[in-house]
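# Residue-level structural notes
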Amino acid sequence: MSSTQVYSEFRPLLSDAGVGFFFAFIMLTLTMLQRKFFKFSASSEEFTPGLVCCGIVSAWTWSATLLQSSTAAYTFGLWYGAGGTIQVCMFGMVASKVKMNANGAHTFLEIVKARFGTGGHILFTFYGFLCILIVCGSLLLEGAATVNALTGMNINAACFLLPIGIAVYVIFGGLRATFICDWSHTIILFIIIYIFTFRAYGTSPAIGSVSELYDLLQQAAIDSPVVGNQDGSYLTMKSNQGLVFGAASILSGFAGVFCDQASHPESTTKAYMLGGLSWFAVPWAFASCLGLSARALLNNPNFPTYPSPLSPAQTSAGLAAPAAAVVLMGKGGAIAVLLVVFMAVTSAASSELIGVSSLFIYRTYFRPKATGEEIVRVSHYFICFWAVWMGCWASILNAGNINLGWVRGVILSPAVILIALTVSWFKLTRAGVFCGAIGGAVLGMLAWMIGCLKIYGEINIPNLADPYSAVSSGPTGLLFSGILTVSVSLMSPADYDFSGTRAIAMLDDHANDERIREESERSSKTGDASPDLEKQSKKDLSSDPDASKDEGERMASLKRVFKKALIYSTIFTAIVIIIVPLPMFFSHYVFSRTFYTFWTACSIGTFCNVLPLWESRKEMAMILKAAYRSSTGAPSI
């Protein structure tokens, strides 16, 4: 084999690894500058709403967000991405309750441990690891399939190489590097979306305008009408497949919303509200542009599979968006899709690595007296292990040809209501939690199997991964877990006053933290608050009248934040899930040229990229001035 052949064979590997390590180098450089010239605290207000908003958008923008939404638009027409945005907004209410009832908790598992003891902690730790396992497998498989299609890289090699650069900046930069990385990812993501949008609707000779795309989609409805759509059109919300896809997306999304809660409660809740609204534009704009363009350009000689459409395997792998990008921009389009998928995989995977390090139970069960330095060191070892395991797991799924796209909602939906009730409902009992989690999971799995058998007549992996099977299971697991949890809890209701979870903020040393958990565990059994904890809480507050007054003002402020989040989430959910789509669905409306132009214009736009720059303008100026003085040798002020 010649040296040229060797280089050609390994060029995709080198390019992927090079991009990963280059991006890691940039992130670590920015982190080093911030560490050297600006004081940082993970619990400070340096995590502004805009930065957390970008973190939410970045962490929630998976490769599936881009590729699966485009595939949906290519397959059955208009899709505007509401299935994954309402959960982010609703989680703002949970965030306010967390800050109200467990302000000192760093992770949700700390709250569970304090309220329900070891048993509940193990249960939710299992759900946490299971969620991260499913998400990591989905992320890497979808990203690796796109890298393979655009560069020819071996899928298994891509599965192992993608996590390497991510682990580097997560370990060396920590949460700080992750948030900087999230913002830069979001910037790149929206720049590429705008490039594709203006290319498709403005300058591309293949399309060139919204009106021309409308005509091409009208012709596509004649050539390949969509079964279940009004008049077979790709320009209607009357789509049976779209309705099922949306329901499955909503159920799946509720099981997958995770984000850091390091900032102050007011800014955290605000960030979730802004994040949900900003993320809404990502799948809507991307799918409306590339997904529909792929369908419209099937008869274009430059289409990769011309004169044939994409095969079912290619469609399932999410290759509709890359195919449209190649027609619109040639090799540059392929590079842009590769970059945006790489950004989506790395940003979401970095969040999962941060998440898995927070789930690590080293001090809880193996070495209770471990120092902070030791915990950080072991967490880094575990992140390295998990990065390698991510590659192994994705390769196993690839070998078995297993798609985890809709499995997340099927398996994890029983935990959704339990999470919300844990931080908000004082009558919740440990027995109710276990009955709801286990009973909901069992009933959900049964509904999954039975629904698959009744719909398709056969239970196999492809049928189980279909949205129709997922819709059979998701609502069952979600609703019955809630019904079982509430019913069992009301049989012998607790009267929990959250003193144990609030005490996490009052007593930081490890010995006192263990005592809090033990007392809280005993109180959860009896349904009464621990006298010692209650006495300690009252003592700490009564010893300082100003502290008691501040605590009262903080609680009043958080109640107002919760009410605002409730109102906003309710209105937003009603608009995007009921008011906008359902009238168009039941009226069988097919978009006119004018309305489609308006629809396209609405899909473009976000403000989350500019907001962090404005909020951090003083800090950035401080860092740049300090760096300049350091480089010139001038004395610092």
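The following paragraphs examine the structure supplied in this document. For clarity, every value in this text was computed on a predicted model and none was experimentally measured. (Residues numbered from 1 in each chain as written. Predicted model: local features only at pLDDT ≥ 70, side-chain atom pairs only at ≥ 80, totals over all residues. Heavy atoms only, no water.)

### Remarks on the environment of Y127
Applicable threshold: Counting from the N terminus, the helices are DSSP H or I runs at least four residues long and the strands are E runs at least two residues long. Here's how the labels work: a residue is buried when its accessible area is under 20% of the maximum for its type, exposed when over 50%, partly exposed in between, all with a 1.4 Å probe on protein chains only. We call two residues in contact when some of their heavy atoms are within 4.5 Å.
Within the secondary structure layout, Y127 lies in helix α5 (residues 108-151). Y127 gets classed as buried once you look at its relative accessible area, which sits at 8%. Sequence separation between Y127 and A437 is 310 residues, and the spatial gap between their C-alpha atoms is 9.6 Å. Ignoring anything within four residues of it in the chain, the contact list for Y127 reads I411, L412, P414, A415, A437 and A441.

### Some points on unusual backbone geometry
Geometrically, the link from Y306 to P307 is a cis peptide bond, its omega value of 10° lying close to zero. Here P307 lies in the loop between α9 (265-296) and α10 (312-316). In the Ramachandran plot, D231 falls in the positive-phi region, its phi being about 60° despite a non-glycine side chain. Inspection of the secondary structure assignment puts D231 in the loop between α7 (210-223) and α8 (240-254). Using a relative accessible area of 62% as the deciding quantity, one classes D231 as exposed.

### Considerations on helix α17 (residues 430-456)
What counts is decided by this rule: In this analysis, the expected span of each helix is defined as 1.5 Å times one less than the number of residues it contains.
With 27 residues, α17 extends 39 Å between its outermost C-alpha atoms, agreeing within 8% with the 39 Å of an ideal straight helix rising 1.5 Å per residue. All of the buried residues along α17 are R430, G432, V433, G436, A437, G439, G440, G444, A447, W448, G451 and C452. Downstream of α17 by a residue or two, G457 has a phi angle that is positive, lying close to 80°.

### Re the packing of aromatic side chains
Worth spelling out the cut-off: Only Phe, Tyr and Trp rings are paired, with Trp represented by its six-membered ring, and only when their centres lie within 6.5 Å; those with planes under 30 degrees apart are stacked, over 60 edge-to-face, the remainder tilted.
Counting across every chain of the model gives 19 aromatic pairs. Arranged with centres 6.0 Å apart and planes meeting at 65°, the rings of F126 and Y127 form a pair that is edge-to-face. The class of F126 is exposed, set by a relative accessible area of 51%. Through a chain of ring-to-ring contacts, three or more aromatic side chains come together here, namely W284, Y589, F591, F595, F598 and W599.

### Here we look at the side chain of N300
To keep things clear, this is the line we draw: Polar contact is the term for a pair of N or O atoms within 3.5 Å; when the atoms are in protein, one must be able to donate a hydrogen and the other to accept it, and sequence-neighboring residues count only if both atoms are side-chain atoms.
Checked against the element boundaries, N300 lands in the loop between α9 and α10. Judged by its relative accessible area of 15%, N300 falls in the buried class. Polar side-chain contacts of N300 include one of 2.8 Å to the backbone nitrogen of N302. Discounting chain neighbours no more than four positions away, the residues touching N300 are A206, Y306 and V327.

### Here's the deal with the packing of helix α3 (residues 63-76) against helix α11 (residues 320-329)
Note the threshold: To define axes, lines are fitted to C-alpha atoms, for helices over the stretch in contact only, and angles between the resulting N-to-C directions are given on a 0 to 180 degree scale. An angle counts as roughly parallel when it lies under 35 degrees, as roughly antiparallel when it exceeds 145, as roughly perpendicular when it falls between 65 and 115, and as oblique in every other case. Throughout, the ten residues Ala, Val, Leu, Ile, Met, Phe, Trp, Tyr, Cys and Pro are labelled nonpolar, Asp, Glu, Lys and Arg are labelled charged, and all others, Gly among them, are labelled polar.
Look at α3 against α11: their axes get within 8 Å of each other, and the N-to-C directions meet at 80°. Of the possible angle classes, the one that applies to α3 and α11 is roughly perpendicular. Where α3 abuts α11, its residues L67, S70, T71 and Y74 lie against A320, A321 and P322. When grouped by side-chain class, the residues that make up the contact of α3 with α11 number five nonpolar, two polar and no charged.

That is the geometry; function is a separate question.
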